[in-house]
Amino acid sequence: MLRPSILALVSFLLPLQAHAQCGGGFRNFVQLMKEEALTGGYDSATVNRFFENVRQDPAVLKADRAQGVFQKPFIEFSRRLISKSRLDRGQAMSRKYDATFRRIETTYGIDRSVLLAFWAFETDYGAVQGNFNTLNALVTLAHDCRRPELFRPQVFAALELFRQDNFDPRRTTGAWAGEIGMVQMLPGDILENGVDADGDGHVSLKTSAPDALMSGAKMLSHLGWRPNEPWLQEVTIPTDLDLSLSGVHHKKTVADWQALGISPRDGRLADRGTKAALILPQGHKGPAFLAYPNFDVYFEWNQSFTYVLTAAYFATRLSGAAAYNAGTPDTGLAAKQMEQLQRKLKARGHDVGDVDGILGAKTRVAVQKEQKRLDLPADAWPTPALLSRL
C-alpha cells in the first residue's frame with residue numbers, strides 16, 4: 001500500500017536543510033542521509049547503528065519496474081485473488097479474532113470484512129509478509145530517482161521507530177516497497193497509527209494479529225472512513241442508461257441513481273441521500289457496482305483501481321454478498337494495445353499518467369471522453385473498436 005499523502009506525517013522528523021539528492025553514488029547518498037539525521041537531532045550512535053549495514057538492493061528495483069499483475073482486467077484479477085479457500089479462511093480468522101474485530105467495530109465503525117480482505121490480499125492472512133530487508137528497500141527506493149519523494153521520509157520514519165525500539169535495521173523484513181507486517185504498513189503509517197492491541201508494550205505488526213488489525217483500522221479511520229456505512233454494492237443497470245454518467249468522478253445520490261433505473265442485485269441500496277459513483281470495470285456488459293464514500297478511502301491505501309475494486313468487492317463477499325454477475329464484457333485490449341491506446345490518448349492531449357499498459361483512473365477518464373466524442377458507449381472500457389477509431 002503506497003500512498004504519498006501519508007508521508008507528510010513524518011515531516012517533523014526532517015531537517016530544514018537541503019535533502020540528500022537521489023541518484024549518484026549509493027554510499028555518498030547514505031552518508032548524506034546520515035548527516036541529515038544528525039542535523040534533525042538524532043545522536044551519532046543511533047544514526048550509525050541504524051545505517052551500519054544498509055545495502056542497495058537490485059531486486060527491489062526489479063520489483064518496482066515489474067508490476068504487470070495490475071494490467072489484468074477486473075474479472076481475471078479478482079478471480080486470481082479470490083478463492084473459496086480464501087473465503088473460508090477469512091471466516092475462520094473472523095471467528096478466531098472475534099474479540100479484536102468487535103473492538104474495531106465498536107471503536108472505529110469499520111466492518112471486519114474490510115480488514116479481513118486487506119489481510120488476505122496483502123499477506124494471505126499473515127503467511128506471506130515478504131522477505132526483503134525493509135531498510136535496504138526504503139533506502140534503495142529513496143536513492144532511485146523514480147519516486148524519491150515517496151520513500152525518503154519513510155527512511156526517517158524507520159529511524160524514529162528504531163529509536164523507539166520498534167524496528168531492527170538488520171532483521172526487519174517485509175514487502176519490496178518497505179511495507180511491514182500482516183497488513184503491510186509503511187513506517188510512517190506505523191508511527192501515527194500503530195496500536196499495541198495485545199498490551200505487550202510493543203507495536204508488533206509482523207507477529208501480533210491484534211496489533212496489525214487494530215493499527216490498520218486506526219489508519220483507515222484517520223484516512224476518512226465513515227463509521228458504519230457501506231463501501232460497495234453490486235447493482236444492475238438499465239439498457240438505456242447514459243453510460244457517460246459512470247466512473248468514480250461522477251457522483252449522484254442514491255435517489256438519483258434509483259430514478260435512472262439503478263437497482264441492487266441483492267438487498268437494499270444505502271440511504272437515498274448518500275452519494276455514490278457507478279463503476280463499470282469492464283464496461284456496460286460486465287459487472288456493475290455502486291461505490292459509496294468509503295470506497296474513496298481505499299485509494300488512500302493503494303492507488304491501483306483494479307486492486308482497490310477487488311479488495312472492496314472481496315470485503316462484500318466476506319460479509320455475505322453473492323459472487324458478482326460477470327456478464328459478457330466486450331473484448332478488451334492486451335498490454336501492448338493498451339500502451340498504444342495510451343500513446344494515442346496522450347497525443348490528443350489527455351493526461352493518462354505513465355504509458356504503462358495499465359487501465360488506471362486517468363486512462364479511464366480519457367477513454368470515456370473519446371468514447372463520447374466518437375459516439376461509442378461511454379463506459380470507460382477500451383476496446384479494439386475504440387483503438388482503431390483513434
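Everything that follows concerns the structure shown earlier in this document.
Rules and cut-offs
- Residues numbered from 1 in each chain as written.
- Predicted model: local features only at pLDDT ≥ 70, side-chain atom pairs only at ≥ 80, totals over all residues.
- Heavy atoms only, no water.
- Helix = DSSP H or I, 4+ residues; strand = E, 2+ residues; numbered from the N terminus.
- Rg over C-alpha atoms; globule rule 2.2 N^0.38 Å.
- Contact = heavy atoms within 4.5 Å.
- Areas by Shrake-Rupley, 256 points an atom, 1.4 Å probe, with all protein chains shown as cover.
- Salt bridge = Lys/Arg side-chain N within 4 Å of Asp/Glu carboxyl O.
- Buried < 20%, exposed > 50% of the residue type's maximum accessible area, 1.4 Å probe, protein only.
- Core = buried A, V, L, I, M, F, W, Y, C linked by side-chain atoms within 4.5 Å.
- Polar contact = N/O pair within 3.5 Å; in protein donor to acceptor, adjacent residues only side chain to side chain.
- Pairing = 2+ DSSP bridges.

1. What about the overall build of the protein chain?
Counting its secondary structure elements, the protein chain contains 17 helices and 7 strands. Over its C-alpha trace the protein chain gives a radius of gyration of 22 Å, about what one expects of a compact globule, namely 21 Å for 390 residues. With respect to the three principal axes, the spread of C-alpha positions in the protein chain is 70 × 50 × 35 Å. Contacts in the protein chain between residues at least 24 apart in sequence constitute 68% of all its contacts with a sequence separation of at least 6. In the form shown here, the protein chain has an accessible surface area of approximately 17000 Å², with 49% of it arising from carbon and sulfur atoms.

2. Brief notes about the pattern of salt bridges
Counted by the stated rule, this structure contains 20 salt bridges. Among the ionic pairs, Arg348 bridges to Glu370, the shortest N-O distance being 3.2 Å. You can see Arg348 sitting in the loop between helix 15 (335-347) and helix 16 (361-373) and its partner Glu370 sitting in helix 16, a full 22 residues away along the chain. On the accessibility criterion, Arg348 (45% relative accessible area) is partly exposed. Here Glu370 falls in the buried class, since its relative accessible area comes to 4%.

3. Details of the nonpolar core
Counting residues in hydrophobic clusters, the biggest one holds 90 residues, and the most contacted among them are Trp119, Phe295 and Tyr298. Examining the composition of this core, we find that 10 residues originate from one element, helix 14 (residues 305-318), more than from any other. If you look at the next biggest cluster of nonpolar residues, it comprises 14 residues, including Val254, Trp257, Ala276 and Tyr292.

4. Re the environment of Lys285
Examined against the element boundaries, Lys285 turns out to sit in the loop between strand 6 (275-279) and strand 7 (289-291). According to the relative accessible area criterion, Lys285 is partly exposed, its value standing at 39%. As for Lys285 and Ala326, which are separated by 41 residues in sequence, their C-alpha atoms are 8.4 Å apart. Apart from residues no more than four positions distant in its own chain, Lys285 is found in contact with Ala326, Gly327, Thr328, Pro329 and Asp330. In terms of polar contacts, Lys285 uses its side chain to reach the side chain of Asp330, at 3.0 Å.

5. Some remarks on the pairing of strand 3 (residues 232-236)
Burial analysis of strand 3 places 4 of its 5 residues in the buried class, which makes it a mostly covered element. Relative to strand 7, strand 3 runs antiparallel, the two sharing 3 bridges. For Gln233, the partnering residue across the bridge sits in strand 7 and is Leu290. Two elements, strand 3 and strand 5 (residues 263-264), share 2 bridges in a ladder whose sense is antiparallel. Considered in strand 5, the bridge of Val235 is made with Pro264.

What is shown is where atoms sit, not what they do.
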